[in-house]
Structures are given as structure tokens and as C-alpha cells.
Amino acid sequence: MSQNTTVPVNVGLVLDINGEVGKVALSCINMSLSDFYNSNSHYKTRLILNTRDSKRDVVAAAAAALDLLKNVQVQAMLGSGNSMQTNFIIQLGNKSQVPILSFSATSPSLSSIRSPYFFRGALNDSSQVCAITAIIKAFGWREAVPIYVDNQYGEAMIPSLTDALQAIDTRVPYRSVISPLATDDQIEKELYKLFTLQTRVFILHMLPSLGSRIFEKANEIGLMNKGCVWIMTDVMTNLLRTLEPSVIDSMQGVIGVRPHVPKTKALENFRVRWKRNFLQENPSIVDVELNIFGLLAYDATRALAEAVEKAGITSFGFDKTNVSRNATDLEAFGISQNGPKLLQALSSTRFKGLTGDYIFVDGQLQSSAFEIINVNNGARGIGFWTPEKGLTQKLSSNSTTKSKLKPIIWPGDSTSDPKGWEVPTNEKKLRIGVPVKKGFSYFVNVTIDPKTQEPTSVTGFCIDVFKAVIQELPYAVAYDFVPYGQPDGTSSGSYNDLIYQVFLGEFDAAVGDITILLNRSNYVDFTLPYTESGVSMIVPIKDSKKRNAWVFLQPLTWDLWVTSGCFFIFIGFVVWALEHRVNEDFRGPARHQVGTSFWFSFSTMVFSQRERVISNLARFVVIVWYFVVLVLTQSYTASLTSLLTVQQLQPTITDVKMLIKRGDNVGYQKGSFVLGILKQLGFDERKLVVYNSPEECHELFQKGSANGGIAAAFEEIPYGKLLVGQHCYKYTMVEPTFKTAGFGFAFPLHSPLVHDVSKAILSVTEGDKMKEIEDAWFKKHSSCPDASTVVSSRSLGLNSFWGLFLIAGIAAILALIIFLAVFVGQHRNVLRNSESSLLSRIRIFLRIFVSKDLSAHTFKDKGGIQVHSMGATEASPDSRYPASPSSYSQHAVSHFGFYGEQGTPRTEYGNSNHNPNSQAQAPPEIVSAVELTNPDQEIARSPQVVRENN
């Protein structure tokens, strides 16, 4: 397309031509136009640049823009040096409806909503706020101080920054505002003011010309030492290479935030071409580098060229119909006829530029990601921030690193993360206020020299806890204890007064037996509590145990007594069942056998039974039962001893309402907030008695409520434990317990020490150190025995011994089952006989069961008698044993009983008329028993045997 067929379109360009940034931007703009029209030679429009020098001055920039609008009648304007210059030019653009496209004005105060003809081809300063706060949150810094220039550029970002910091619970204790015309002395004075603050996290937001001076002075006075944190915003980070080497040296360890520009092949090719062209145009500048503003200028120029082509501009005049003849220069330039078309075209423009996706949303270029750099002999990338992922070392989605950022070299060449604050460097130690009072000196005790009226020592449980906590901090904290009292040793006020002194700044903290309360937390910040919380009622105790003649029944509960008795009877029965057929001790008349069984079972309580146990099954049962009895008797003895010797101490009063109803006096510690609780409970103020020490409280208890003393005392749990420990068997703490937060250390509001001290308190209380401190102050003054040595005197119940009874029961039942199984197996023919009735068979079977088992080895030495079927007897070959050991197991007993027809004892227990010397003569009852060779004969003759014996 030939030159005469193109339409030239005048556009204005206002920037600092003599500055390095301006030179770079102008070079990029020219290259952008050249590249754009070389690629789109068929386009009908051509942008004609009309460049004006802003001379780094707002008035000069405004005059240049006015000249372009009035005399050149430009259709659009590019550039502007900074936000202050752009602000006035935007107003001119709105009035003339000429689009203003800025690639360097970043102030949030320049809004496209209020200025529809303004397009920001750079990132809003507020867009980097989230990246900055993400860094602060990642390191847990609780305070930060913004340092910004006192102009529109510096002030506009601060509201969004402070809002974002508050959202992550980071406080802004101070704002450092520095004039753009400040001298070195003024800068140094302001930095020394920062030096006296606790916070060491600073956010710098200003142009490099002033920011470089800040860093040099900060390095001189020691604000760039170890422990400090400096974060600079994108303008200084983007122009870091433009700074002098001496400035870079003073910035070692600084963190910077800047927009992320993706590395592409097109960008690298452009960088090489730009370097060559720039050196040709500016041979005297050899060390300049391409910066973000040059890239943004390149993309902004392309966007404007595309929009002009898309709008199809054909006429270039300004409508001046509403301009009066007497109008000033600010009113005489009229309204552009192409403004609305260009406005719509720019709003819909989008492409892939050198800086990434170039899209306008409400006239604002959208940000995608920010790069985090660390100044360490230059800029070193340590991570990125995106709205989706937050902080990350890499932008790739497959990053698995746990650390959010790469290792950082902090100011002072430190690799350890700064805590973000220091003790104020004003050559003073922390002034720790401690309460002065009489009584309860175990918690806080201030010793006053009577001669000098000066405190000589501060000791106590609370003081030792504070010292242990300070030792747990990862850094050193210098402090002095300052008693809050008069020279004569009296207090200067209440605990609330002491807290208020911390609020006023008289003390840097307050340490002592200070309870965490809601109203106090309005003036100070408390650490986590280091003691138990709550207010409890202390009352006298008395021995409520009434001993009587039946005290011996109390060691065991009724269910255990009943169970034990039942098992004694059951075990006696099992032993009789297992022993009566083979053991002479368990035979005899029925009454004798019952008595013997019970005697044997119950005599095991004292292990005095005389009867022998012969059966192995019975021995097994008895051994298990011996163990059960041993445990029962030993436990009974121990419990009975406890009941007879240990005091059963019970509180005299357990109900607060009863105290109020009876009108008893109650006590409370002087100056304690407990007074408010007692009034809320409804106590008459005339019934409230004040005491200063545990000794006074004890004296009031001894007097009693009727004699001007007290019936109960209300104290916080730590004080109550001390009082009870000194008088262990006289007082106790009872419910109800009124909830409080416990003792804590008080610091000024928003003090960064609170977080670290609270963590240190957890470390002390969870370790052995707290127990050591408690033992040192309270255990040696306590008269209470160790809880592990206290004997319990509760009655023993079945739930403690059911396992033993279960074992004994299973053993007895198992032995009984085995015995019955063997017995039934031996005499199964009796039950199988179908000729006899079932009742007869059962009767015969039971007679066999209760009879003596002559085949047992215990009876084989009774004469060795063999009974034959014809009633004759003969001696066995061996006189000690019967001829047939199984013979008696197969015959019927002559009589179901233990006595004969005339009431004489049966001969199985011996006949008084029997001649002991005659061993061949069998007893008559044995002779009457017939040995049968055929089991059927036994069944058939059994009724006759029964009739003969009846």
C-alpha cells in the first residue's frame, strides 16, 4: 500500500524525554509503531507521534497536553511521566473526549470509573498489596510501618495497604510520610524516629530518586542491620538497575515486588533489537537496561494503533460550537469527534503483548502474577504470587515444594527469618511494673530497704515464672522490675490502677498475680494464662464418719456379701459332690454331710479346715477357691483398717445459697475483683469480711461467723490452693467454681511481645520447669500428704471382684461336669434298662450316686472283700484289695440312706459289734449286695433287694 493511500492520525506523547525512563519508553514506542505497521502494512491509518517534554514538572506536562489538544488537535494521547502529571491531563481528556492511555501512571486515585476516557496501560499500585501482605503473613509479622512519599502517588496506595494488613491481623503502629523535597537531615530525623519503635518491618513506597536516599541513610544509622525487614513496591523494584552501585550495596537483603513478565522468544528477540537500536540513538548511554515501562509503552502503542484502525477515523476536527469567543485556553479546544469511537475500540482491544495478555477491564489493565525478588548483589528471584496459588516458588502447577519462597538473605547478611520487631533502642530496659501488697507473698514479694526506702529484691512464684518465660524467648530481652508502691512499702493503687499505668505508658509490662479480666483487656493485651482459672469457695471440713458396732460390715457392699455367701455354699456343694463317694470325711448321716460340706467351705476363710481332699477334681476346685478367698480376706482387712483409722473429711458447707440464707459472714482478699462476684451473687455487703493474708483468713475461720469471723472464703484457685495447702486437714475448696481466665502478664495494646511471650508460656507450662517452680514455692509450705499415699476408704463392691468369682465358678462347674460325665459313663447301663420304669431307673441311679465307691483306692484297705452273686464271701488273694475292683460299681445299694432298719449305723462306717480281728467275715450290708455277672440280672433283682432292706 502506497503512502498517499494511508490516513495519518495525530496522537500526542508527553513524557520526560531527558530522563532514562523517558528515553527507554520513547525508543520502545517508535519500535512498536515500526513493528506494527510492518506486520500490518494493509492498514489504512498511521499514527503520527507529536512528542512533548514534561520536564519532570506537573505544570509543564499540563501545558504540553493543552498545546497538543488546542493546536495539534490530537485524537489520543500516550505517556505522561507520573501519576501527578497524568491527573491534570486526564481532566483535559475528559473535557475534550480525547482518550488518554498511560503506561506509567500507577496511582489508585486515577480511576477510569470517574474518568471514562482514561485507560491505564500499567498495573494499579493497589494490585500489589495482596502480594505484600502475603509475604508478611507468611512470616507471621504482627506490625508493619509504611514509608511513603508525601504526594498523590505515595498516599493513594496507603488506604488499600492498611486495609489489607488489618485483614491479616497486622497492625500499622505508625506511618512515615517523607516529603519529596526532604533534605538528608530531615530523612535522618524521621529514620531515627523509626529506630525508637518496636517494629522492624518497613514497606517503602516511593520513586527511586527519593527511595535510594532513604536506603543509604537507613544503612548509616543501623536500620539495615540483622532483624530488620524492608519491602519495596514495584516502581523501585522495576527500576532497580537504574540505581547507583553504592545504593544497591545499602539495599542488601531488601525484598521487592514487581509484575511478572513471562519469558518468551518474542520478548528476547525484542530485547536484542531494542538494545541495538537504543545504542544507535543514544551512543552516550551504554549501561541502560530495558525495563517494564518500556515494555508497557510498546504494548500501549500497539493497542492504540489497533484501536485507531478499528475505529475507522476519517475526520479529525474538534467541535467548537459551544466554545465562546472569550474562552480561555483551557476551554477553547472543543470536543473531539472521534472520541467515542476510540473509547469503544480501546475497550474491546485484546492481544498477546510482550508483557502478557493485554486486556482492559473498565479501562484498567489486568494483572496476572507478581515476582518476589531479594536484593543480594542484584535482584534474585525467590518466588511468585498469584491470586489463585498465593506465594509459591514456581508458577508451574506441578511444584511440590513445601516452602513458599526460596531461601532469603536478609539485611545484615542473615539467613534466619527476622521476628519483625526489636526492643526499642532508646537506651532503656523494659520497665516491668509489679504490685506491692501485704500477704500472699508467695506469689509476689517486694522487699524494701528501710534505710534507703528503695526496693532491694522482687521474688515470688509469678516472678520466677516470668523469668523462666523470658529465658524461653529466642532472643534477649532486658528488663527491670519496678514496684508499683510507695517508699514505705504500701501499694500505690489497685491492680486495675497498675493495668492503667501500662496503658498510659508508665510501664512496658505488668507482672504478678494479675487476673485476666474483660474490662482490663480494654487497656492492655494479656498473654496466655499460666495458672489455673476460676474462683472457688473455701470452707472448713469435718470428720463425718460415724463408727458403730456394725462397722465391720461396711468394707464390702451388700451385693458382694451376698455373692460371697452364695459362692461359699456352692463351693461346699461341689466339693461334697466330688468327694462323698471316695472320702470318709464327707460320708455319714445326711445332716453330718451337710454340716461337713458347709464347715469345709466356710473354714477356708481362715484356712482352718481339717478334712482331707482326695479327688483331683476337688483339689483343683479348692486351689482356685483358696486364691479367691485370699484376695477377698486381704482386701476386706485393708478396707476395714481404712474405715477404722482414716478420717472421712467432708465440707461443712457446699451451697452458696445456704450461706446467703443463713446470713453467714464470708471473706475475700483485699483489692480483689471477687468482691464484684459476691455482690452479684446477692451477699449483703455487711456480711463481707476483708483479709490480707492466708494467716488472717485462717484466724477468721477459727473465730467462726457468729464471733465476727467467717464461715467461707471466696478466692481464686491459686490462692485457695495455697490456703488449703497450709491447713490441709482444716479447709477444702468446693464447687461452684466461677470461671476466670487465670493469671497472665499484661503488655501495652498491640505489643509484638505478647505473641512470643504466650508461646514461651506454653513451653514452660508444658514442660518440667513449671512443676519445679510450683514445688519450690508451694509444696514445701504444704502440710497435705502426697495424693499417692492417701488411702481410700470406700466400700469394696462386686464390680472389683466379679472376675475372681467368674474364674472360681467356671472351675467348679467344669470339675462338676467332668465328674458327672465320668459317673454317668460308668453307670450308663442302669439308665438304658428298658424293663424298669424311668422313675425306678432314676431312683437306682441316685442310690448309686450317694453310695460309697468301694473301687476307690481309699477303701481298698478296708478288708479286701469280694461279694458274689450267691451271697457268699471269700477273701481275695490279696487281703488288702477286693478281687474285682469294678464289682461294686455294678450293684445296687441295699438302702437309700445312712442308717439300717433298727436305726443302727450302717457297716460301711463300721459295726460296733463286729470283731476287728475277723477279716474273713464281711459286714451284713455288704453281704446283702449281690455281685452280678449280667447287668440285666442286677436290674431284675434290684426291687427285691430294696424290699428286703425295707
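Residues numbered from 1 in each chain as written. Predicted model: local features only at pLDDT ≥ 70, side-chain atom pairs only at ≥ 80, totals over all residues. Heavy atoms only, no water.

As recorded by an unreviewed UniProt entry, the chain carries the name Glutamate receptor 2.7 and is attributed to Citrus sinensis.

A. A look at the overall build of the chain. Helix and strand content of the chain: 28 helices and 33 strands. The burial tally for the chain puts 49% of its 950 residues in the buried class. Sequence separation of 24 or more characterises 71% of the internal contacts of the chain that already satisfy a separation of 6 or more. (Helix = DSSP H or I, 4+ residues; strand = E, 2+ residues; numbered from the N terminus. Buried < 20%, exposed > 50% of the residue type's maximum accessible area, 1.4 Å probe, protein only. Contact = heavy atoms within 4.5 Å.)

B. Here's a closer look at the packing of helix α13 (residues 461-472) against helix α23 (residues 769-777). In the contact formed by α13 and α23, the axes pass within 10 Å of each other and the chain directions differ by 160 degrees. In this view, α13 runs roughly antiparallel relative to α23, as classed from their interaxial angle. In this structure, α13 crosses over α23, and the sense of that crossing is right-handed. Along the contact surface, α13 presents Phe461, Asp464, Val465 and Ala468, while α23 presents Lys769, Met770, Ile773, Glu774 and Trp777. For the contact of α13 with α23, the class distribution of residues is six nonpolar, no polar and three charged. (Axes fitted to C-alpha atoms, helices over the stretch in contact; angles between N-to-C directions. Parallel < 35°, antiparallel > 145°, perpendicular 65-115°, else oblique. Left-handed = near helix turned anticlockwise from the far one by under 90°. Nonpolar A, V, L, I, M, F, W, Y, C, P; charged D, E, K, R; others polar.)

C. Just the pattern of salt bridges, in detail. Applying the stated rule across the entire model yields 19 salt bridges. Notably, a salt bridge pairs Arg241 with Glu289, separated by 3.6 Å at the nearest N-O pair. In this pair, Arg241 sits in the loop between α8 (234-238) and α9 (245-250) while Glu289 sits in the loop between α10 (265-281) and α11 (292-311), placing the two residues 48 residues apart along the sequence. Residue Arg241 is classed as exposed on the basis of its relative accessible area of 63%. Judged by its relative accessible area of 34%, Glu289 is partly exposed. Across the salt bridge formed by Asp684 and Arg686, the nearest N and O atoms sit 2.8 Å from each other. Residues joined by salt bridges that share partners form a network here, namely Glu188, Lys217 and Glu220. (Salt bridge = Lys/Arg side-chain N within 4 Å of Asp/Glu carboxyl O.)

D. Fine view of the pairing of strand β13 (residues 350-353). In β13, alternate side chains face the same way, and those of Phe351 and Gly353 are buried while those of Arg350 and Lys352 on the opposite face are not. Examined bridge by bridge, β13 and strand β14 (residues 356-361) share four bridges and lie antiparallel to one another. Bridge pairing in β14 places Lys352 opposite Asp357. Joining the antiparallel neighbours β13 and β14 is a turn of two residues. (Pairing = 2+ DSSP bridges.)

E. Quick look at helix α1 (residues 20-39). Helix length check: α1 (20 residues) gives 29 Å between terminal C-alpha atoms against 28 Å at 1.5 Å per residue, within 8%. Among the residues of α1, those classed as buried are Gly22, Val24, Ala25, Ser27, Cys28, Ile29, Met31, Ser32, Leu33, Asp35, Phe36 and Tyr37. On its buried face, α1 sits against β1 (7-15), β2 (45-53), α10 and α11. (Expected span 1.5 Å × (residues − 1).)

F. The pairing of β1, seen in detail. Both β1 and β2 contribute to a ladder of nine bridges, which runs parallel. By the bridge assignment, Val9 is partnered in β2 with Leu47. Viewed along the sheet, the connection from β1 through α1 into β2 turns out right-handed. As paired elements, β1 and strand β3 (residues 76-79) share four bridges and run parallel to each other. Counted as the bridge partner of Val14 is Gly79 from β3. (Right-handed = clockwise from strand over helix to strand, strands pointing away.)

G. Representation of the sheet that holds strand β6 (residues 145-149) in the model. Taken in spatial order, the eight strands of this open sheet run β7-β6-β8-β9-β10-β16-β17-β18, and their pairing is mixed. Two strands lie at the open edges of the sheet, namely β7 (176-178) and β18 (390-392), each paired on one side alone. Geometrically, the sheet is characterised by an average inter-axis angle of 25 degrees between neighbouring strands, direction not taken into account. As paired elements, β6 and strand β8 (residues 201-205) share four bridges and run parallel to each other. Within the sheet, the bridge partner assigned to Pro146 lies in β8 and is Ile203. Contacting β6 and β8, helix α5 (residues 152-167) crosses the sheet at an angle of about 165 degrees to β6. Across the sheet, helix α6 (residues 184-195) is in contact with β6, β7, β8 and β9 (229-232); its angle to β7 comes to roughly 175 degrees.

H. Structural detail: the packing of aromatic side chains. A full pass over the atoms with the stated rule returns 41 aromatic pairs. Seen from their ring centres, Phe714 and Phe738 are 6.4 Å apart, and the 45 degrees between their planes marks the pair as tilted. With Phe714 in strand β29 (residues 712-716) and Phe738 in strand β30 (residues 731-738), this residue pair connects regions lying 24 residues apart in the sequence. Accessibility classification places Phe714 together with Phe738 in one group, the buried group. A network of ring pairs unites the aromatic residues Phe440, Phe443, Phe461, Phe466, Tyr479, Phe481, Tyr530, Tyr719, Phe743, Phe745 and Phe778 as a single cluster. Of note, Arg200 hangs over the ring of Phe195, and the distance from its end group to the ring centre comes to 5.2 Å. We note Lys419 situated over the ring of Trp421; from NZ or CZ to the ring centre the distance is 5.4 Å. (Phe/Tyr/Trp six-rings, centres within 6.5 Å; stacked < 30°, edge-to-face > 60°. Lys NZ or Arg CZ within 6 Å of the ring centre and 35° of its normal.)

I. The arrangement of the nonpolar core in detail. Judged by nonpolar contacts, the single largest core of 85 residues is most densely connected at Leu223, Trp230, Met232 and Met251. Top element by residues in this core is α11. It accounts for 13 residues. Not counting chain neighbours up to four residues away, the residues in contact with Met232 comprise Leu204, Phe215, Thr237, Leu240, Met251, Val254, Ile255, Gly256, Val257, Ile373 and Val375. Ranked by size, the runner-up nonpolar core spans 50 residues in total, among them Ile432, Tyr475, Tyr530 and Val689. (Core = buried A, V, L, I, M, F, W, Y, C linked by side-chain atoms within 4.5 Å.)

J. Expanded view of the environment of Leu640. Tracing the backbone through its elements, the reader meets Leu640 in helix α17 (residues 616-645). Separated by 86 residues in the primary sequence, Leu640 and Gln554 have C-alpha atoms spaced 7.5 Å apart. Those residues in contact with Leu640 that sit more than four places away from it in its chain are Val551, Phe552 and Pro555.

K. The arrangement of a nonpolar patch on the surface in detail. Taken together, Trp550, Phe552, Leu553, Trp558, Trp561 and Val562 make up a surface patch of nonpolar side chains, about 690 Å² in accessible area. Mapped onto the secondary structure, Phe552 falls in the loop between β25 (535-543) and α15 (558-579). Note on Phe552: relative accessible area 35%, which makes it partly exposed. (Patch = residues over 30% accessible without salt bridge, like charges linked within 9 Å, V, L, I, M, F, W, Y side chains within 5 Å. Areas by Shrake-Rupley, 256 points an atom, 1.4 Å probe, with all protein chains shown as cover.)

L. Expanded view of the side chain of Ser758. Following the sequence through the fold, Ser758 ends up in helix α22 (residues 753-766). Among the polar contacts made by the side chain of Ser758, one reaches the main-chain amide nitrogen of Leu528 at a distance of 3.2 Å. Discounting residues that sit within four places of it in the chain, Ser758 has contacts with Thr527 and Leu528. (Polar contact = N/O pair within 3.5 Å; in protein donor to acceptor, adjacent residues only side chain to side chain.)

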